[in-house]
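Below, each chain spelled out in residue letters.
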Amino acid sequence: MLKREEVERLVEKPAPQFVRDVLEHPSFRVTPNTTLETLVSYLRKFPVDVVPVFKSVFSDEIAGVVYPHTGLLIKSKKLDAKIGDFINSPIIVKESWKIDNVLEILASEAKWGAVVIDEEGKYVGVVTLRGLLSALLLREPKAKSVAAVYTPVEEKKSRVGYVKAIERLSKIFRKLAGGEVEGYVVLNRERGVAGLLTVWDLIKSRRWFKGGGEPRPIFGRGAARGEGKAVGVARVWRLMFRGVAVAAPDTPVDEVARYMATTGLYLVPVVDKEGKAIGAVTAWDVIYAYLYGPKEGREYVEVKRAVETPVAKPQVEEAIRLRPSRHVTGLRARDVMLTDIPAVNMRDTLSRIRKVFLRTGSNILAVVDDEGRVVGFITRRDYVTYIAEKSLGYWKKQRGKWLILREQAMPGEQAKVLVEEGTAADVMKSEYPTASPDTTAEEIAYKMLAAGTDYVVIVDEKNAPIGVVTKDELLKAFKERGRSVKVGELMTPADIASAELFSSLSSVVRKINAYELDGVVVKEGGDIRGIVTVDDLSLRPVEESLRGERLVFFTKSGVLRKVRAGLSRLRYSKAGALMALDVMRPFDHATNPDADAREVVDRLLEQGVLPVVGDNGRLIGVLNKMDVVKELARVYITYAMPEKLKEAERVEVKSK
């Protein structure tokens, strides 16, 4: 007999049709005598779109409702202001009503929720905009793309505001507190999106909370309740949320709906190809797309979705790896190893590890215990792989609660982190290939290849680590003492080391790990568009997309310090699953198959991967760091393990 969980996986979940299917119960109760200060503290912990106001704590009789915007009316002069002074008439719906009818009512009133009663008129709960958007996700929208419904910048009757980061908060506060706009898109000098300012940013920060009047003594000590001194002018940039997710005209509407239902933010800026703001999508636009279809006069735009690409490693890869080579460099571990390795504590978090990678530019970190002993190592590949396969990922505070990587945290619920943020102890490898200082560079390359790692640890007589040899050191050794060999003999074929423009990021990472690549070239047809490397991915917060999930992780935007990986700017997040298009970066160097591999090592180290192009400019292969490591490993196999060459010949004959 099938278990309940197995049955639920096999049976398609029906789309909610009635209000009772999306009914919610706020986690707190307020009355007309509840202070606004108390309301704000509740909203920080339990964010909800609409708060019913009961006539008493022990009664289910509704006196009205308040919305999150009401909390912004609190001032230091009115710390004892009561909810009853700002109460609103509720929108009341019955639990038997259809969801479509409720959506139409809320959209016409531009309200975030309604009170739900049963057939006898008794209170049973609330229905929120966020819950209704979650219900829409199980339907097919009548308008597919953002272009069909978004609100342009120039539209006059818009519920979206646009403001410069330097603007005074006082100039826009009234509209935000009054619920006239869903939020403000903050623009930079180039009219790009610098951030977003919503009611939740103000509730969380309380920086808009100005002092005024005489301080009120507490217990006779003259301590000020609130702020008794004037504070500086509040500017938008101090309170705005940076790294906001954006959409493009070809973004699917359902991806934006999922983003809004997940985060509770009902405003997504829309940008053009140059990154300039051309409008925004509101929750009301999304509802219009599901209920009615495209707005009048809008042109059809084909949506772009991430494509999952299957990964299947060909047998001929073994033959490529094991071609014989007899050139010896004469270098040993002591000649090439690194001895100054950045270290992190085994309890350091993933976010801390990323910062160390970013600050130091190193490709490998040593992990030490509290006594300073080395207990493991972490490479950028280990870091990305852990996030992609094992971790629940990062958590961030958003809208007053903890966001976790699951499909949704219900409104009014204080979402808890199911698993703490991963630590260095979770990511590190405590078992790794080792070698003595006298080991040849060729044997180190073989050990690296056989273990499937990006490094070999050099140990002394007591088996204590004294250094590390990474792929970068082997590349430098090859440049100095390697044989003269053409790039075409070492490169990985284009079909293996490339990805299409709309390939999902999760499938790109699977390909990188399956073929032990350092990155892939992103192409559209036969044209090269950019590259994606492990070094870049380790610096980008993209963990939920790596694991195929569809939540949005908010990144920092803007220019960061230069790092050796070549990544100097992080893009905005995207409302939807990430694709190779979203994380690729331009490449500065390419090569041809007849070039001497030793002469392109510096470019390879700088860029991570090198596209190899033919006479017609089309991609024919990719040179990875591991391709050079394989060349050195072949020397060791040729002399020390000749039986492997015969095995490779059999594989090659069989593949043909």
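Residues numbered from 1 in each chain as written. Predicted model: local features only at pLDDT ≥ 70, side-chain atom pairs only at ≥ 80, totals over all residues. Heavy atoms only, no water.

A. Structural view of the environment of Glu 500. Note on placement: Glu 500 falls in strand 21 (residues 498-500). It is 8.4 Å that separates the C-alpha atoms of Glu 500 and Leu 581, two residues lying 81 residues apart in sequence. Side-chain polar atoms of Glu 500 contact the side chain of Lys 523, separated by 2.8 Å. (Helix = DSSP H or I, 4+ residues; strand = E, 2+ residues; numbered from the N terminus. Polar contact = N/O pair within 3.5 Å; in protein donor to acceptor, adjacent residues only side chain to side chain.)

B. Layout of the sheet that holds strand 19 (residues 465-470). Strand order in the open sheet made by the 3 strands is 17-18-19, with mixed pairing throughout. Looking at the sheet topology across the chains shown, the edges are occupied by strand 17 (434-435) and strand 19. Sheet topology note: the strand 18 (residues 455-459)/strand 19 ladder contains 5 bridges and is antiparallel. Counterpart to Val 457 in the pairing with strand 19 is Val 468. (Pairing = 2+ DSSP bridges.)

C. Focus on the sheet that holds strand 20 (residues 492-493). A sheet is described by the order of its strands in space; here 3 strands give the open sequence 20-27-26, paired in antiparallel fashion. Only two strands of the sheet have a single partner each, and these edge strands are strand 20 and strand 26 (609-613). Relative to strand 27 (residues 619-624), strand 20 is paired through 2 bridges, and the arrangement is antiparallel. Bridge pairing links Thr 492 to Val 622 in strand 27. The strands touched by helix 23 (residues 625-640) are strand 20 and strand 27; relative to strand 27, the strand with the most contacts, the crossing angle is about 70°. (Contact = heavy atoms within 4.5 Å. Axes fitted to C-alpha atoms, helices over the stretch in contact; angles between N-to-C directions.)

D. Structural detail: empty space enclosed by the protein. Applying the stated criterion across every chain yields a total of 11 cavities of 30 Å³ or more. Put simply, the largest cavity is a space of about 200 Å³. Forming the walls of the largest cavity are 16 residues, and the residues nearest its centre are Asn 363, Asp 454, Lys 471, Asp 518 and Asp 535. Mapped onto the lining of the largest cavity, the elements with two or more residues apiece are helix 13 (380-389), helix 16 (471-481) and helix 19 (534-537). (1 Å grid on protein atoms, 1.4 Å probe; cavity = no way out; pocket = protein on both sides within 12 Å on 5 of 7 lines; lining within 4 Å. Points joined across faces, edges and corners; volume = space filled by probe spheres on them.)

E. Quick peek at the packing of helix 16 against helix 23. Taken N-terminus to C-terminus, the directions of helix 16 and helix 23 make an angle of 60°; their axes are 9 Å apart at the nearest point. By the criterion of interaxial angle, the relationship of helix 16 to helix 23 is oblique. Where helix 16 crosses over helix 23, the handedness of that crossing is left-handed. The segment helix 16 lies against helix 23, with Lys 471, Asp 472, Leu 474, Leu 475 and Phe 478 engaging Lys 625, Met 626, Val 628, Val 629, Glu 631 and Leu 632. A breakdown of the residues in the contact of helix 16 with helix 23 according to their chemical character gives 7 nonpolar, no polar and 4 charged. (Parallel < 35°, antiparallel > 145°, perpendicular 65-115°, else oblique. Left-handed = near helix turned anticlockwise from the far one by under 90°. Nonpolar A, V, L, I, M, F, W, Y, C, P; charged D, E, K, R; others polar.)

Just geometry here; none of it tells us what the structure is for.
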